[in-house]
Amino acid sequence: MSKRNRSNQNKKMNKNKKDVKIKTEKGSMMDEWPEPIVRVQSLAERNLSTLPDRYIKPASQRPTMTDDAPVATNIPIIDLEGLFSEDGSSDDVVMAKISEACREWGFFQVVNHGVRPELMDAARENWREFFHLPVNAKETYSNSPRTYEGYGSRLGVEKGAILDWSDYYYLHHLPPHLKDFNKWPSSPPTIREVIDEYGKEVVQLCERIMRVLSSNLGLKEDKFQEAFGGKNIGACLRVNYYPKCPRPELALGLSSHSDPGGMTILLPDDQVFGLQVRKDNTWITVKPHPHAFIVNIGDQIQILSNSTYKSVEHRVIVNSERERVSLAFFYNPKSDIPIQPLQELVSTHNPPLYPPMTFDQYRLFIRTQGPRGKSHVESHVSPR
């Protein structure tokens, strides 16, 4: 790398650090929401005929609605059975499919992934039961924008922002010192046990996929895992509840964004379509395969791979007839490790596109500004 490029990178990193410091020192903006929280579930239960103004998206952001059911074009579906054999060898065909999906789509579905189907069903249905509790029973777990942990209804702390038509629950699984069962729901009675077991199995799946991502770039299979902090990674779960919406053509369940973390393992509601992925400037409605997970490459892996792998914009549409529940499991780097393009993947002809930045610094954007397409990761591209 030239001295000029190195100087530009250092200046940009220092500016990013300064911006983060300024934002976190502005009084209590991260301690409380800027306005009283309204639960979307409570609005849906009123059987409104119109949509409150706070949830009406600008015309340019509204979903395209037709009289017919959404046309579902599947993202790649990849069978992981036999990916790693007992002798340590891997299936080259499966590896190639994953490589292409990460480069071209940023999304793919996986079947025969090692997580028990009955555990997947139990996890989703326990959370559905939780969201069917009276709103007041859930308020015990109300969250704040400092950690987002608990029961919430908005992302970002901008006063007067247009909101998404969804409620959610956010909790930590790793590292162990952040995993606090007292902050997990106690009802229904089996939810803590089920979600704890579910998290352990999904972490194992993430570790397997991380090895594939490394190997497909010609790296040691543990290279990505090491860059994330080895076993000291972060993992958390956000459960999304999308109530029925009176005017789905005006709203979104979750605004367009790319995930700021490393990798997302999504357990969708396979009975109700909702996830849309942006491909070649077209929004594609994904049709979930039964008992499949949807794997989503996040910004941190795009950065590590120096943009060989792509994080992709996605959003969620809502439905006037049926509610929807999904579980997004985020597998992230250790929060205080600087993430930057791996040295093995950069050269004078392929210089690093991103300056070093910790995940703590990086994720502050979405926690304060909310989901805003790919503007955050693109704003960090280093000048050539």
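This text follows the structure it describes.
I will try to describe carefully the structure that is included in this document. (Residues numbered from 1 in each chain as written. Predicted model: local features only at pLDDT ≥ 70, side-chain atom pairs only at ≥ 80, totals over all residues. Heavy atoms only, no water.)

Spatial strand order, E6-E11-E8-E9: four strands in an open sheet with antiparallel pairing. In this open sheet, the two strands that pair with only one neighbour each are strand E6 (254-257) and strand E9 (282-285). The average angle at which neighbouring strand axes cross in this sheet is 25°, direction not considered. Strand direction decides the pairing type here: strand E8 (residues 275-279) and strand E11 (residues 314-316), joined by three bridges, are antiparallel. Counterpart to Leu 275 in the pairing with E11 is Val 316. (Pairing = 2+ DSSP bridges. Helix = DSSP H or I, 4+ residues; strand = E, 2+ residues; numbered from the N terminus. Axes fitted to C-alpha atoms, helices over the stretch in contact; angles between N-to-C directions.)

Here we come to the pattern of salt bridges. The full count for this structure, using the stated rule, is 21 salt bridges. Salt-bridge contacts for Glu 35 lead to Arg 54; the nearest nitrogen and oxygen are separated by 3.3 Å. Placement of Glu 35 in the loop between helix H1 (3-24) and helix H2 (40-44) and of Arg 54 in the loop between H2 and strand E1 (77-79) is noted, with a sequence separation of 19 residues between them. Of the charged contacts in the structure, one is a salt bridge between Glu 313 and Arg 278, with a shortest N-O distance of 3.4 Å. Of this pair, Glu 313 sits in the loop between helix H8 (299-304) and E11 while Arg 278 sits in strand E8, and the two are 35 residues apart along the sequence. Judged by its relative accessible area of 31%, Arg 278 falls in the partly exposed class. (Salt bridge = Lys/Arg side-chain N within 4 Å of Asp/Glu carboxyl O. Buried < 20%, exposed > 50% of the residue type's maximum accessible area, 1.4 Å probe, protein only.)

This next bit is on the sheet that holds strand E2 (residues 107-111). Adjacent strands of a sheet pair through backbone hydrogen bonds, lying either parallel or antiparallel. The strand order E1-E2-E10-E7-E12-E5-E4-E3 describes an open sheet built from eight strands, whose pairing is mixed. Each end of this open sheet is capped by a strand with a single partner; those strands are E1 and strand E3 (150-152). Averaged over all pairs of adjacent strands, the angle between strand axes in this sheet comes to 25°, irrespective of strand direction. Two elements, strand E4 (residues 167-174) and strand E5 (residues 234-242), share seven bridges in a ladder whose sense is antiparallel. Residue pairing for E5: Tyr 168 is matched across the bridge by Asn 240.

So, about unusual backbone geometry. Comment: phi is negative for the bulk of residues other than glycine, and the bulk of peptide bonds are trans. The amide bond that connects Leu 174 to the next residue, Pro 175, takes the cis arrangement and shows omega of 0°. By the element assignment, Pro 175 lies in the loop between E4 and helix H6 (191-215). For the peptide bond that leads from Ser 187 to Pro 188, omega is 0°, which places it in the cis range. Inspection of the secondary structure assignment puts Pro 188 in the loop between E4 and H6.

Taking 1.5 Å of rise per residue, the 13 residues of helix H3 (residues 92-104) would be expected to cover 18 Å, and the 18 Å separating its terminal C-alpha atoms lies within 8% of that figure. Those residues of H3 that fall on the buried side of the exposure criterion are Val 94, Met 95, Ile 98, Ser 99, Ala 101 and Cys 102. Along the long axis of H3, the arc covered by the buried residues comes to 165°, so they all point the same way. Facing away from the buried side of H3 by more than 90 degrees, the exposed set consists of Asp 92, Val 93 and Glu 100. Packing partners of the buried residues in H3 comprise E1, E2, H6 and strand E10 (293-297). Capping the start of H3 is the job of one residue whose side-chain oxygen sits 3.0 Å from the backbone nitrogen of Val 93: Asp 91. Note on H3: the residue one or two positions beyond its end, Gly 106, has a positive phi of about 80°. (Expected span 1.5 Å × (residues − 1). Arc of directions from axis to C-beta. Contact = heavy atoms within 4.5 Å. Polar contact = N/O pair within 3.5 Å; in protein donor to acceptor, adjacent residues only side chain to side chain.)

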